[in-house]
Amino acid sequence: MVRRVAVIGAGAGGLASVKCCLDEGLEPTCFESSEDIGGIWRYTDSTDNRRVSVYHSVITNTSKEMSCFSDFPFPEDFPSYLPHSLVLEYFRMYARHFKLLQHIRLQTTVLSVRKRPDFTASGQWEVVTETDGVHESHIFDAVMVCTGHYQEPYLPLASFPGIESRFKGQHLHSQKYRDMQAFRGKRVLVVGIGNTGGDLSVELSRVAAKVFLSTRSNTWVISRVSAHGFPLDMVSTTRFNYFLECLLPSALTRRIKFRKFNSWFNHTNYGLASSKSSKFKVIVNEELPFCLLSGTVVLKPNVKEFTESSAVFEDGTTEENIDVVLFATGYKFSFPFLEESVRSTIDDNRSLYNCIFPPQLEKPTLAIIGLVQLTGSVMVASEMQARWVTGVFAGWNKLPPPSRMMAEVLKRKPPVKRNPCERENLKMSFISYVDKIAACAGVKPSVLRLLLADPQLALAIFFGPCSPYQYRLVGRGRWSGARAAVLTQWQRVLKPLRTRLVRDNSSSSSGWGWLCLLALPAALTAGLLLSKSPQPGWSPWAGPQL
């Protein structure tokens with residue numbers, strides 16, 4: 001019987017896990033090694049320690065309505081896309097509202113998590129922590145690891161001959177980057193074109209003498225803003241779009257996807273991607289295309305080698321007088337506190353049942369929260385994981401036998417290991433994954449049932465954004481404010497924009513009414529087919545999460 005639960009980390013996943021434990025009547029103790037909550041969203045100027053935090057200018061890639069905790073919307077006056085300071089303020093509001101702080105021990109590092117000698121029978125863990133140099137041992141019935149996947153910088157210097165032996169300039173990982181002032185007047189080479197690489201290239205172009213952006217990947221660039229000015233993820237991440245994706249042939253969805261990407265600008269002309277690409281990534285950046293068009297950022301292929309002051313690229317070109325090389329090459333995850341017998345079995349999230357439970361354990365009392373990268377908000381997925389996991393701990397939700405879990409894990413395992421920075425293995429469709437975990441937890445909404453009971457809500461859920469509130473309509477943890485939150489989400493998007501009102505005689509309400517009437521047959525058909533549709537691994541309409 002699980003009662004006492006250790007939660008490691010007080011970021012988004014840790015806070016949600018503590019709250020879900022309390023909801024299920026469990027007794028959580030959260031250990032956070034730093035002096036405050038917030039995880040990577042708590043920005044600090046210091047780069048001395050190994051703690052990872054966002055850079056000063058970062059803005060969320062997913063909108064507030066698609067990123068909030070499912071029973072706690074962001075304040076309506078917050079902008080749709082948020083700086084780190086407002087994300088952290090939201091976390092503090094959440095922690096105060098649900099009285100989480102009293103369960104969190106700050107400046108307490110977890111040194112080890114080991115099975116108790118009687119683990120086969122009890123499922124208990126011994127957790128050793130350190131606070132102000134004092135070691136303490138605790139016994140817990142279960143452990144939730146909420147350290148995420150931004151843990152250790154991935155710096156593949158061996159792949160860049162000469163960077164350590166010949167290059168005389170400075171090289172650093174983006175983890176050490178805080179703002180652009182230290183790069184003023186310098187010639188900077190940014191290696192890697194993920195979201196971070198794109199953001200930093202654009203920012204540095206404002207003060208650097210020249211910025212070069214090196215990539216080996218085909219990359220599609222999208223904007224956070226949709227064609228009509230609404231947040232892109234609210235317009236694109238819908239159950240209707242997901243239904244179409246399941247229904248249409250993959251070749252056609254790929255063609256639609258590439259055409260949509262190229263409707264903003266032709267990526268082939270910019271040297272970013274080709275519609276014939278079989279492997280590609282998607283990043284969010286409104287300014288990068290203009291920086292490339294204006295020449296303040298120059299796109300380059302992969303680096304072949306470095307000399308004392310230059311970079312030689314795989315196409316034979318050379319850029320001279322490089323002052324700084326900034327590696328935006330991502331992060332790798334590790335769990336150094338877990339005992340070796342457990343740690344060695346976790347190569348990536350495909351080693352875990354539903355990306356959460358190590359299937360080899362005799363008792364399912366260890367859960368990894370947030371080790372996913374989705375086409376939507378990881379924060380929403382982490383909360384859903386925590387709801388399911390705490391339901392398992394409390395006895396409400398059941399897991400299949402270990403043999404069945406292991407068989408499912410082996411289906412997902414790759415034939416060979418990949419580099420830690422290659423995160424294709426972590427990326428999944430937001431709706432398919434969150435729906436899967438919600439179904440396990442018994443909280444997935446049924447569009448068909450809602451059509452009979454509440455047609456207005458059903459249509460909003462099917463054709464509107466797949467926002468977190470949907471998962472509070474039914475089942476354990478049902479929230480009385482969920483329906484209102486779904487039906488008023490567009491008002492919360494518009495509220496912070498109403499700082500200057502202009503007259504407009506057009507009305508969208510009548511159009512919405514006609515859409516609802518016309519959509520009823522489509523929603524009924526889709527509801528019947530959705531349960532039989534395959535679950536894809538990538539949503540062609542949804543954008544990535546930071």
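Keep in mind it's a predicted model, so treat the numbers as computed, not measured.

Student: Looking at this structure, how should I read helix α13 (residues 430–441)?
Tutor: Residues spaced three or four apart along an α-helix face the same direction, because each turn holds 3.6 residues. With 12 residues, α13 extends 16 Å from end C-alpha to end C-alpha; this agrees with the ideal 16 Å at 1.5 Å per step. Counting buried positions along α13 gives 9 out of 12 residues, so the element sits mostly inside the fold. Restricting attention to buried positions, one finds in α13 the residues Phe430, Ile431, Ser432, Tyr433, Val434, Asp435, Ile437, Ala438 and Ala441. Those residues of α13 that are buried lie in contact with α7 (239–247), β21 (373–374), α11 (378–394) and β22 (427–428). Downstream of α13 by one or two residues, Gly442 has phi in the positive range, about 75 degrees.

Student: Help me understand the sheet that holds strand β18 (residues 324–327) in this model?
Tutor: Strand pairing in a sheet relies on backbone hydrogen bonds. The paired strands run either parallel or antiparallel. Strand order in the open sheet formed by 5 strands is β9-β18-β10-β11-β14, with parallel pairing between adjacent strands. On the outer flanks of this sheet lie β9 (170–173) and β14 (297–300), each paired with one strand and no other. Adjacent strand axes in the sheet meet at a mean angle of 20 degrees, parallel and antiparallel pairs treated alike. One ladder, built from 4 bridges, connects strand β11 (residues 210–214) with β14; its direction is parallel. The partner of Ser214 across the bridge, within β14, is Lys300.

Student: What's the story with the packing of aromatic side chains in this structure? I'm lost.
Tutor: In this description, a pair of aromatic rings is defined by centroid distance and the angle of the planes. Going through the model one piece at a time under the given rule, you end up with 32 aromatic pairs. When the centroid spacing of 4.9 Å and the interplanar angle of 70 degrees are considered together, the rings of Phe119 and Trp125 count as edge-to-face. Considered together, Phe119 and Trp125 belong to a single accessibility category, that of buried residues. Centre to centre, the rings of Phe167 and Phe306 are 5.5 Å apart; their planes meet at 50 degrees, and the pair counts as tilted. Placement of the pair is Phe167 in the loop between β8 (152–153) and β9 and Phe306 in strand β15 (residues 303–306), with a sequence separation of 139 residues. By the burial criterion, Phe167 is buried, and Phe306 matches it. Within the aromatic cluster, the residues linked to one another by ring pairs are Phe69, Phe72, Phe74, Phe78, Tyr90, Phe91, Tyr94 and Phe98.

Student: What is the right way to read the sheet that holds strand β17 (residues 318–319) from this model?
Tutor: If you trace the 3 strands from one edge of the open sheet to the other, you get β15-β16-β17, paired in antiparallel fashion. The sheet terminates laterally at β15 and β17, the two strands that pair on one side only. Two elements, strand β16 (residues 311–313) and β17, share 2 bridges in a ladder whose sense is antiparallel. Within β17, the position partnered with Ala311 by the bridge is Glu319.

Student: Can you help me understand unusual backbone geometry in this one?
Tutor: Of all residues except glycine, most have a negative phi; of all peptide bonds, most are trans. Of note in this structure, Lys99 is not a glycine but carries a positive phi near 55 degrees. Taking the relative accessible area as the measure of exposure, Lys99 reaches 56% and is therefore exposed. In this structure, Gln107 is a non-glycine residue whose phi angle is positive, near 50 degrees. Within the secondary structure layout, Gln107 lies in the loop between β3 (104–105) and β4 (109–115). Relative accessible area serves as the criterion here: at 47%, Gln107 is assigned to the partly exposed category.

Student: What should I look at first to understand the packing of helix α1 (residues 12–23) against helix α3 (residues 84–97) in this one?
Tutor: Each packed pair of helices is defined by two parameters, the angle between the axes and the distance between the axes. Direction vectors running N to C along α1 and α3 enclose 15 degrees, while the axes themselves pass 11 Å from each other. What the angle tells us is that α1 and α3 run roughly parallel. For the element pair α1 and α3, the recorded crossing hand is left-handed. Two secondary-structure elements touch here, α1 through Ala12, Leu15, Ala16 and Lys19 and α3 through Phe91, Tyr94 and Ala95. Taken together, the residues that form the contact of α1 with α3 break down as 6 nonpolar, no polar and 1 charged.

Scoring rules and cut-offs
- Residues numbered from 1 in each chain as written.
- Predicted model: local features only at pLDDT ≥ 70, side-chain atom pairs only at ≥ 80, totals over all residues.
- Heavy atoms only, no water.
- Helix = DSSP H or I, 4+ residues; strand = E, 2+ residues; numbered from the N terminus.
- Expected span 1.5 Å × (residues − 1).
- Buried < 20%, exposed > 50% of the residue type's maximum accessible area, 1.4 Å probe, protein only.
- Contact = heavy atoms within 4.5 Å.
- Pairing = 2+ DSSP bridges.
- Axes fitted to C-alpha atoms, helices over the stretch in contact; angles between N-to-C directions.
- Phe/Tyr/Trp six-rings, centres within 6.5 Å; stacked < 30°, edge-to-face > 60°.
- Parallel < 35°, antiparallel > 145°, perpendicular 65-115°, else oblique.
- Left-handed = near helix turned anticlockwise from the far one by under 90°.
- Nonpolar A, V, L, I, M, F, W, Y, C, P; charged D, E, K, R; others polar.

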